[in-house]
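# What the coordinates show
Chain by chain, the residues run as shown.
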Amino acid sequence: MKSILMAAAIVALGLTSALANDDLAKDIVVYKNPECGCCTKWVRYLESHDYNVTIESTRDVYAMKKNLGVPEKLAACHTAVIDGYVIEGHITHRDIKRLLLFRPDVTGIAVPGMPIGTPGMEQGNTKQPHDVLTFDDRGNVEVFAKH
Ligand SMILES: [Cu+2]
């Protein structure tokens, strides 16, 4: 009896996390320069993880970043918006998921610059250590994840 209850509990837990994942937003808008190759590679990466990507081509990504509240010092190439959050740079789908699951009170997350080894910036097996940072409209910047 005890083991049946345990099994039921495990199944219930499994269902809950599956539901939570399925409920997360998959529609994402990516603002990028039409000539940006690594941005396009990041879009393909998102699509391979089942995101529905809408590309907004712009020649002035910096004006876009400013409008969306990305601090200048955290700027990368592309900027994206998903479910009310801003995603700056070459972020992994896992970090996007984690952001949407925990919903911290921030504007978004950023990987400044373009570290080698991030999705869309692959170069063999090279991985440049870097932080994923949160930012908000009060100038707070905190570490969200270390890679
Ligand atoms: Cu890039």
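See the structure above.
Residues numbered from 1 in each chain as written. Predicted model: local features only at pLDDT ≥ 70, side-chain atom pairs only at ≥ 80, totals over all residues. Heavy atoms only, no water.

## So, the nonpolar core
As a reminder of what qualifies: Definition of nonpolar core: a set of buried residues of the types Ala, Val, Leu, Ile, Met, Phe, Trp, Tyr and Cys, connected through side-chain atoms within 4.5 Å. Relative accessibility thresholds used throughout: buried, under 20% of the residue-type maximum; exposed, over 50%; partly exposed, between the two (1.4 Å probe, protein chains only). Secondary structure elements are defined from DSSP: runs of H or I of at least 4 residues count as helices, runs of E of at least 2 residues count as strands, and each element is numbered from the N terminus. By the convention used here, residues are in contact when the closest approach between their heavy atoms is within 4.5 Å.
Counting residues in hydrophobic clusters, the biggest one holds 22 residues, and the most contacted among them are Ile28, Trp42, Leu46, Ile87, Ile91 and Ile96. Among the elements of the structure, strand E1 (27-32), helix H2 (37-48), strand E3 (79-82), strand E4 (85-88), helix H4 (93-102) and strand E7 (141-146) are those that each provide at least two residues to this core. In terms of residue count, H2 provides more of this core than any other element does, four residues in total. In contact with Leu46, other than residues within four places in its own chain, are Ile28, Val30, Tyr51, Val53 and Ile96.

## Here's the deal with the coordination of the copper ion
Rules: In this listing, donors mean N, O and S atoms no farther than 2.8 Å from the metal, or 3.2 Å for Na, K and Ca; water is missing from the atoms, so a site can look incomplete. Labels for metal geometry use angle windows, namely 85 to 135 degrees for all angles of a four-donor tetrahedral site, and for square planar (four donors) or octahedral (six donors) sites opposite donors over 155 degrees apart plus all others within 65 to 115; sites meeting none of these are irregular.
Protein coordination at the copper ion comes from Cys38 (SG), Cys77 (SG), His90 (NE2) and Met114 (SD), with a distance range of 2.1 to 2.3 Å. Coordination at the copper ion comes from four donor atoms whose angles at the metal span 95 to 126°, giving a geometry best classed as tetrahedral. Taken in sequence order, the residues that donate to the copper ion follow the motif C-x38-C-x12-H-x23-M. Placement of the pair is His90 in the loop between E4 and H4 and Met114 in the loop between strand E5 (108-110) and strand E6 (131-135), with a sequence separation of 24 residues. In this structure His90 comes out as buried when scored by relative accessible area, which is 1%. Its relative accessible area of 38% is what places Met114 among the partly exposed residues.

## Details of the state of the cysteines
What we call a disulfide is simply a covalent bond connecting the sulfur atoms of a pair of cysteines. This is how the line gets drawn: Cysteine sulfur atoms are paired as a disulfide whenever they fall within 2.5 Å.
Tallying each qualifying case throughout the model produces one disulfide. Disulfide pairing is shown between Cys36 and Cys39; the S-S distance is 2.1 Å. Since a negative S-S torsion denotes a left-handed disulfide, the Cys36-Cys39 link at about 75° is right-handed. Residue class for Cys39 comes out buried when judged on its relative accessible area of 2%.

## Here's the deal with H4
The test is simple: What the arc covers is the set of directions going from the helix axis to the C-beta atoms.
Turning to H4, its buried residues are His93, Asp95, Ile96, Leu99 and Leu100. Down the axis of H4, the smallest arc covering the buried residues is 165°, so these residues share one side. In H4, the exposed residues that point more than 90 degrees away from the buried face are Arg94 and Phe102. Directly after H4, the chain includes Arg103, whose backbone phi takes a positive value near 45°.

## As for the environment of Pro119
Along the chain, Pro119 falls in the loop between E5 and E6. Exposure remark for Pro119: the relative accessible area of 7% places this residue in the buried category. Note: C-alpha distance between Pro119 and His90 (29 residues apart in sequence) is 5.8 Å. Look past the residues within four positions of Pro119 in its chain and what remains in contact with it is Trp42, Tyr45, His90, Ile91 and Thr92.

Note that every value here comes from positions in space, so none of it alone points to a role or purpose.
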